[in-house]
Amino acid sequence: MSSQTATDPSISQETLTHLQRLEAESIHIMREVVANADNPVMLYSVGKDSACMLHLAKKAFYPAPPPFPLLHVDTTWKFQAMYELRDRAAEEAGMKLLVHHNPEAMEKGINPFDHGSLHTDMWKTDGLKQALTKYNFDVAFGGARRDEEKSRAKERIFSFRSANHRWDPKNQRPELWRQYNTRKSKGESIRVFPLSNWTELDIWQYIHLEGIEIVPLYFSQPRPVVERDGLLIMVDDDRFPLREGETPEMRSVRFRTLGCYPLTGAVESEASTLPEVIQEMLLTTTSERQGRAIDHDQSASMEKKKQEGYF
Amino acid sequence: MSKDMKDPVYVTDQLIADDIDAYLLKHQHKTMLRFITCGSVDDGKSTLIGRLLYDSKMIFEDQLASLENDSKNVGTQGQDIDFALLVDGLAAEREQGITIDVAYRFFATDKRKFIVADTPGHEQYTRNMVTGASTADLAVILIDARQGVLTQTRRHSYLVNLLGIKNVVLAVNKMDLVDYSAERFYEIVSDYSHFAKQIGMDSFLPIPISGLKGDNIVSHSENMPWYQGPSLLAHLEEAPISDTAMQDHPFRMAVQWVNRPNLDFRGFAGQIGAGTVRPGDAIRVLPSGKTTRVKSIVTFDGNLDQAVAGQSITLTFEDEIDCSRGDVIVQSDQPCEVADQFESTLVWMAEEAMLPGRPYILKIGTQSVTATVTEPKYEVNVNTMEHMASKTLGLNAIGVVNISTDRAIPFEAYAENSDLGGFILIDRMTNATVAAGMIHFALRRSQNIHWQAVDVDRDAHASLKNQKPAVVWFTGLSGSGKSTIANIVEKKLHALGKHTFLLDGDNVRHGLNRDLGFTDADRVENIRRVGEVARLMTDAGLIVLTAFISPFRSERRMVRDLMAEGEFIEIYVDTPLEVAEQRDVKGLYKKARSGQLKNFTGIDSPYEAPETAELIVNTVELSAEDAAEKVVQYLLNSSRN
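The rules we used
- Residues numbered from 1 in each chain as written.
- Chains lettered and ligands numbered in written order.
- Predicted model: local features only at pLDDT ≥ 70, side-chain atom pairs only at ≥ 80, totals over all residues.
- Heavy atoms only, no water.
- UniProt positions renumbered as here; feature names shortened; annotations may be inferred.
- Helix = DSSP H or I, 4+ residues; strand = E, 2+ residues; numbered from the N terminus.
- Buried < 20%, exposed > 50% of the residue type's maximum accessible area, 1.4 Å probe, protein only.
- Contact = heavy atoms within 4.5 Å.
- Areas by Shrake-Rupley, 256 points an atom, 1.4 Å probe, with all protein chains shown as cover.
- Buried area = accessible area lost by both parts, 1.4 Å probe.
- Salt bridge = Lys/Arg side-chain N within 4 Å of Asp/Glu carboxyl O.
- Polar contact = N/O pair within 3.5 Å; in protein donor to acceptor, adjacent residues only side chain to side chain.
- pLDDT = per-residue confidence, 0-100.
- Pairing = 2+ DSSP bridges.
- Axes fitted to C-alpha atoms, helices over the stretch in contact; angles between N-to-C directions.
- Phe/Tyr/Trp six-rings, centres within 6.5 Å; stacked < 30°, edge-to-face > 60°.
- Lys NZ or Arg CZ within 6 Å of the ring centre and 35° of its normal.
- Core = buried A, V, L, I, M, F, W, Y, C linked by side-chain atoms within 4.5 Å.
- Domains from an automatic or database assignment.
- Expected span 1.5 Å × (residues − 1).
- Bend = angle between axes of the 7 residues up to and from the residue.

- Looking at an unreviewed UniProt entry, one finds chain B named Multifunctional fusion protein and attributed to Paracoccus onchidii.

- Under an unreviewed UniProt entry, the name given to chain A is Sulfate adenylyltransferase subunit 2, and the source organism is Paracoccus onchidii.
- Under the UniProt heading Catalytic activity (unreviewed entry), the entry covering chain A gives this text: "sulfate + ATP + H(+) = adenosine 5'-phosphosulfate + diphosphate".
- Turning to chain A, the UniProt record has this under Sequence similarities (unreviewed entry): "Belongs to the PAPS reductase family. CysD subfamily."

This is the structure we're talking about:
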C-alpha cells in the first residue's frame, strides 16, 4: 500500500510520529470497547471527524469489518452531499447503517426555521436517546475532541450515562494509563470518544495523509448562499424559506464544520484542495465552532446540552 | 494586545503561506510528548500553560479577542493579557461540585505535538495528579522563586517519582519577582537536590523562568545571561518519549481481542506494551506458557516487517495455540513472571475506604481478575514521606499492601514496565474505579502453592449423599430470628434425610474467628472465612445453613461468587429495627444504645438489605415455624433436593 500511511514504520524506526501514536491510541480504545461491550454502535454524523473515526475503525478490526453498525441520528435537514457520502461510506466499510428520525419531530414538522432550539432538542437530543433505547445499544462511539472547546478539555474518554441517558458530571471515573474501566451497572450506557486527544489540525493532517474521503462541502466551490444574521447560509434545497429581499447568490464558499444546512455558516474561501483547506485553517483567525449557530445561545450551552444527552 | 508582548515564535512560519505541501510533509514527522504540570494556583501553573498555548499560536483570534476583553475585566494583570484565563474556567465547575480530575490541553511546535495534563484543585490533588501523571512522559514541577521548596513541592515530586516519570523539570517560576537572581535560583536548586536524593529521584533539570514575562519559555532569556541551559520549550522538544524507551525492553503485548472474521484467519489484536516484534520471532503466550512463532504482523496498511512499542497491531501465529483476551504474548526466551500474590503501592481514589479482605476487580493489562488486599503494610504520609501503620486507606491515601488475586496473572514490576505493572481496582457493587496500583514484586510463596487435584471430587461427594449441595445464607439484623429459623430449617431437612450443617455467627466467633472484632474490616474478614468454610462444606456435598448478620452487600456477593452457580441461596430475614430492638433477646440493643457496645449493626453501623435475595421472610407476619417451612419448600422446589 501507499508508503505515506501513518502506520508505515519506514517513516521512523525509532520514534512513532504524533499521528501514529494518536492512531494507535484510538485503535486501542475501539478494541477495548468491542471486547467488553454487549451491543456497541458508532455515531456517524458524516463530518470530517466521523470520517476519521470510521477510517480508524476499519484499521482497528482489519481484516474483519468493524463489528458494529453506524448510527446516523438524522434531522432531515442535512446537506444533500452528506446523505450521498453517508450511504456510500457505510457500504464501502461493510457496515450496517441505521438512520433514525425522531417520529414526533417528523410528525410535527420540526424545522430549524420555525422552531429554534427545539429543532436540535427534538431531532438530535431526543432522537439520539430514542435510537439508543430502541436498539438497546450499551456503548456509543462519538467523534468529539477535547480541543473543540474549553469545557471539553476535562472530558473523559469513557463517559458514563444513566439509564435515562443523562450525564452525571459528579460520577465519572479517573482514567489511568491505558486502563479503561468499562464496567457498567444495569441500564447505564457509555459514550466513548476515541478522538479525544486529536486536535483539528491532527484530523486534517490525517485525512490528508491517509487519503480519507470527506464531504465535498469542505472544499470551496461556487454555491448559492444568502446572508442571514451574520452567517452565510447555503440554500441547499427548495425548503429554504427566503425572506423578503433575500436572493440566493453564487459565492465561492466552503464549510469548516457540517450540520443542518440552515444552521451552518459557510466561509468565503478559494481553498479547493485539501492542502489549501489546511493552509487556510492554519492561517485562519476564528475557531472552529463559530460556524455553528448552536453554540451562540449561551456560553455554557454545550455543557448543558451534554447533561441533557446531546452528546 | 499590549505592545511589549513578544510575537509568537512558533507555527506562524512563512512556510504555511508559501508552500503548504512542504509544511505538511515536515509536520508529518512530528513526534508527540505528554507532560504534566504540577503546582498550585499560586505557582503560576495556569499562566505557564496559557503562555505555551499562546506562544505556539494555539489561540484563535476570536478567543484572543475575548481573552483581551476578559483580561481587562477580570484579569489580574492590569492592562496586560492574563494568560491564566485561557486555561481557567474550571473554577465555576469546581464550585458546582463537578469532578474535574484532569484537563488536557494541546499545543504544537514544528517538532512536536504536546498534550499537557493540568490537574486543578487542592482537595483531590493526589488522585488527580496520579491520574494525569500516569500517561505523562515528563513532569514540570513549578516552584515560586519567592517561596522556594514547599511541602507541596515535596508532595508533587513524590507522586511524580512514584508514577515512574524519569524526566523531571524543576521550573523555578516568577524569577522576575526576585530580580532574576542567580543566587536565589541556585539556592532553590540546592535545596531541591537534597530532597530529590531522599526520595530516590535520579535526576532533574532546573530551569529559571517567568511564565508571565516569557523568560526562558520559548527562547533564552536576556534577563538571565547567567543561565546557559535550554529554554523550557527547547527541552520539551528534545526530551525522550516513554514508548520509545520501551522499545529496548523484551517484547510484551497484552491481547485485547481475537480477530476471527472467517475460518482461515485468527489474529490477536493488541497495542505493544514493550519491545519490538518481527515475523518469525519465537513467542510465548502467558499464563499458559505455550510457544509458537509470529507468522505475520497484520495491519490495514499491509503486513509489517517490524512493529514497536506503542503500535496497535494484529499478530498471527505459525501454530494454532490457545490465546485469548487477557493473555500476554511475550518474547519466548525472555518471558515475564506469572504470580497471584504481590506487594504493591495503592493510591486510594474513592470516598469509601479500602477494606482488607473485600474482593475488588483488579484490571491489569487487558484482563480482569478478583483481588483482595491481604495485608496492609503501611500508609505513606505524602507530605513527610513517613510510614504510618494502617489497616485501611482512605480517599487520597497512598499505602503499600500485599494483594492476592484469584488467578495467576502475567505481570512485570511497575518500575520496569508500567503497561504490565500498573493496575486499577474496581468496586464490584458500584463499578467505580477505587484505586490505582503499582506492582513492586511477586511474593515468593505464591509460586509455591498449587492446587491439589483430588480424585473423589465434589460431584462424587454430593451424589453419594443423593443431594445437591447449597449454602443457605440467612442475613438480617441482630435479633431478627436468623438462628432460630435456621435451626428449625435444619431439623426439617435432617428429618427429610438431608446432610446438613449449621454455621452460627456466635459459635464461629468462639473458635475460628475468635481473633476478630466488630470493625468494618473485621466484619469483612469474618464473612470471608465463613464463606470459605461453607464452600469447603459444599465441596463435601453438604447443605450448609449460615446465620450471620452479614451487613454488607459486597461480602454477601463475595460469598455468592465463591459458590457454584445456583448454590448460594440468600434468605433475607426481614425484621424492622424497632421490632428487633423490642425483642432484644440478648440484651445487645440496650447496651448499644447506652454506648457500651460500639459498631452495632442498625445502631451505629449500617445494614445493607439485599437487593436480590432468593427469598424474603418477614418475621412480623410469619412465625419462626412458618418462615422455616417456607424456606424448606423453596429449597425443595428450587434445587431438586
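This is not the end of the story, as more comes after the structure.
**Re the overall build of chain B**
Next, step 1: Across its full length, chain B carries 20 helices and 27 strands.
Next, step 2: In chain B, which comprises 641 residues, the proportion classed as buried is 57%.
Next, step 3: Residue pairs in contact within chain B that sit at least 24 positions apart in sequence constitute 73% of those at least 6 positions apart.
Next, step 4: Carbon and sulfur atoms make up 49% of the accessible area of chain B, which totals about 27,000 Å².

**Describing the environment of Arg458(B)**
All names here are of chain B.
Next, step 1: Considering the arrangement of structural elements, one finds arginine 458 in helix H13 (residues 458–465).
Next, step 2: By relative accessible area, arginine 458 is classed as partly exposed at 24%.
Next, step 3: Considered as a pair, arginine 458 and isoleucine 616 are 158 residues apart in the sequence and their alpha carbons are 29 Å apart.
Next, step 4: Excluding residues that lie within four positions of it along the chain, arginine 458 makes contacts with Pro469, Thr538, Asp539, Ala564 and Glu567.

**A word on the interface of chain A and chain B**
Next, step 1: Each partner contributes residues to the interface: chain A has 75 residues there, and chain B has 93 residues.
Next, step 2: Taken over both partners, the interface formed by chain A and chain B buries close to 7,200 Å², and the fraction arising from carbon and sulfur atoms is 56%.
Next, step 3: For the pair chain A and chain B, the interface holds nine salt bridges.
Next, step 4: Between Asp419(B) and Arg178(A) there is a salt bridge; the shortest N-O distance is 3.3 Å.
Next, step 5: Counting every contact that joins chain A to chain B gives 29 residue pairs in polar contact (both at pLDDT 80 or more).
Next, step 6: Breaking the side of chain A that touches chain B down by element, the ones donating at least two residues are helix H1 (18–36), helix H2 (48–61), helix H6 (200–210) and helix H7 (274–283) of chain A.

**Focus: the confidence of the model for chain B**
Next, step 1: Across chain B, pLDDT averages 86, with 88% of residues at or above 70.
Next, step 2: The low-confidence segment residues 1–11 of chain B (pLDDT under 50) makes 32 contacts with residues lying over four places distant or belonging to another chain.

**What about the sheet that holds strand S5 (residues 158–161) of chain A?**
Residues and elements named next belong to chain A.
Next, step 1: A sheet is described by the order of its strands in space; here six strands give the open sequence S3-S2-S1-S4-S6-S5, paired in mixed fashion. Of all the strands in the sheet, the pair left with one neighbour each is strand S3 (97–100) and S5. Each neighbouring strand pair of the sheet contributes to a mean axis angle of 30 degrees, computed without reference to strand direction.
Next, step 2: One ladder, built from four bridges, connects strand S2 (residues 70–73) with S3; its direction is parallel. Following the sheet pairing, leucine 71 is matched in S3 by leucine 98.
Next, step 3: Lying on the sheet, H2 is in contact with strand S1 (40–43), S2 and strand S4 (139–141); it crosses S1 at an angle near 145 degrees.
Next, step 4: Helix H3 (residues 80–93) contacts S2 and S3 of the sheet and is inclined by roughly 145 degrees relative to S3.

**Concerning the sheet that holds strand S7 (residues 221–228) of chain A**
Residue and element names in this part refer to chain A.
Next, step 1: Ordered in space as S7-S8-S10-S9, the four strands form a closed barrel in which the pairing is antiparallel. Adjacent strand axes in the sheet meet at a mean angle of 75 degrees, parallel and antiparallel pairs treated alike.
Next, step 2: Pairing of S7 with strand S8 (residues 231–234), which is carried by four bridges, proceeds in the antiparallel orientation. The residue of S8 that forms the bridge with arginine 228 is leucine 231.

**Brief notes about the UniProt feature "active site" (unreviewed entry) in chain B**
Residue and element names in this part refer to chain B.
Next, step 1: In this numbering, the UniProt entry assigns the feature "active site" (unreviewed entry) to Ser550.
Next, step 2: Structurally, serine 550 is set in the loop between strand S25 (543–547) and helix H17 (553–562).
Next, step 3: Residue classification places serine 550 among the buried positions, given a relative accessible area of 3%.
Next, step 4: With residues up to four places along the chain from it excluded, the contact list for serine 550 reads Trp473, Phe474, Thr475, Ile527, Arg556 and Tyr607.

**Notes on the packing of aromatic side chains**
Next, step 1: This structure, assessed with the given rule, holds 31 aromatic pairs over all chains.
Next, step 2: Here the aromatic rings of Phe35(B) and Phe114(B) are separated by 6.1 Å at their centres, their planes lie at 80 degrees, and the arrangement is edge-to-face. Within this pair, whereas Phe35(B) is found in strand S1 (residues 31–38), its partner Phe114(B) is found in strand S3 (residues 112–118), the two being separated by 79 residues in sequence.
Next, step 3: Since its relative accessible area comes to 0%, Phe114(B) is described here as buried.
Next, step 4: Grouping aromatic residues by their ring pairs yields a cluster made of Trp77(A), Phe79(A), Phe113(A), Phe240(A), Phe255(A) and Tyr261(A).
Next, step 5: Between Arg239(A) and the ring centre of Trp77(A), over which it is positioned, the NZ or CZ distance is 3.8 Å.

**Regarding the environment of Glu92(A)**
Next, step 1: Structurally, Glu92(A) can be placed in helix H3.
Next, step 2: Separated by 150 residues in the primary sequence, Glu92(A) and Leu242(A) have C-alpha atoms spaced 38 Å apart.

**Overview of the nonpolar core**
Next, step 1: By size, the foremost hydrophobic cluster in this structure holds 158 residues, and its most contacted members are Met30(A), Phe158(A), Val192(A), Trp204(A), Phe35(B), Ile36(B) and Tyr192(B).
Next, step 2: There are two domains that each give this core at least three residues, and those are domain 1 (8–240) and domain 3 (337–448) of chain B.
Next, step 3: When residues no more than four places from it in sequence are discounted, the contact partners of Met30(A) are Met42(A), Met53(A), Leu56(A), Ala57(A), Ala60(A), Phe61(A), Phe141(A) and Pro194(A).
Next, step 4: Grouped together as the second largest cluster of nonpolar side chains are 28 residues, Ala339(B), Tyr360(B), Val369(B) and Ile439(B) included.

**A short note on the pattern of salt bridges**
Next, step 1: What the rule picks out here adds up to 52 salt bridges over all chains.
Next, step 2: Between Arg428(B) and Asp561(B) there is a salt bridge; the shortest N-O distance is 2.8 Å. Of this pair, Arg428(B) sits in the loop between strand S21 (422–426) and strand S22 (433–442) while Asp561(B) is found in helix H17, placing the two residues 133 residues apart along the sequence.
Next, step 3: Under the relative-accessibility criterion, Arg428(B) is labelled buried at 10%.
Next, step 4: Salt bridges linked by common partners bring Arg21(A), Arg178(A), Asp137(B), Asp243(B) and Asp419(B) together as one network.

**Digging into helix H5 (residues 117–135) of chain A**
Residue and element names in this part refer to chain A.
Next, step 1: For H5, spanning 19 residues, the distance from its first C-alpha to its last is 26 Å, which sits close to the expected 27 Å at 1.5 Å a residue.
Next, step 2: Taken as a whole, H5 carries its principal kink of about 35 degrees at glycine 127.
Next, step 3: Along H5, the positions that sit buried rather than exposed are His119, Thr120, Met122, Trp123, Thr125, Gly127, Leu128, Ala131 and Leu132.
Next, step 4: The first or second residue beyond H5 is asparagine 136, which carries a positive phi of 60 degrees.

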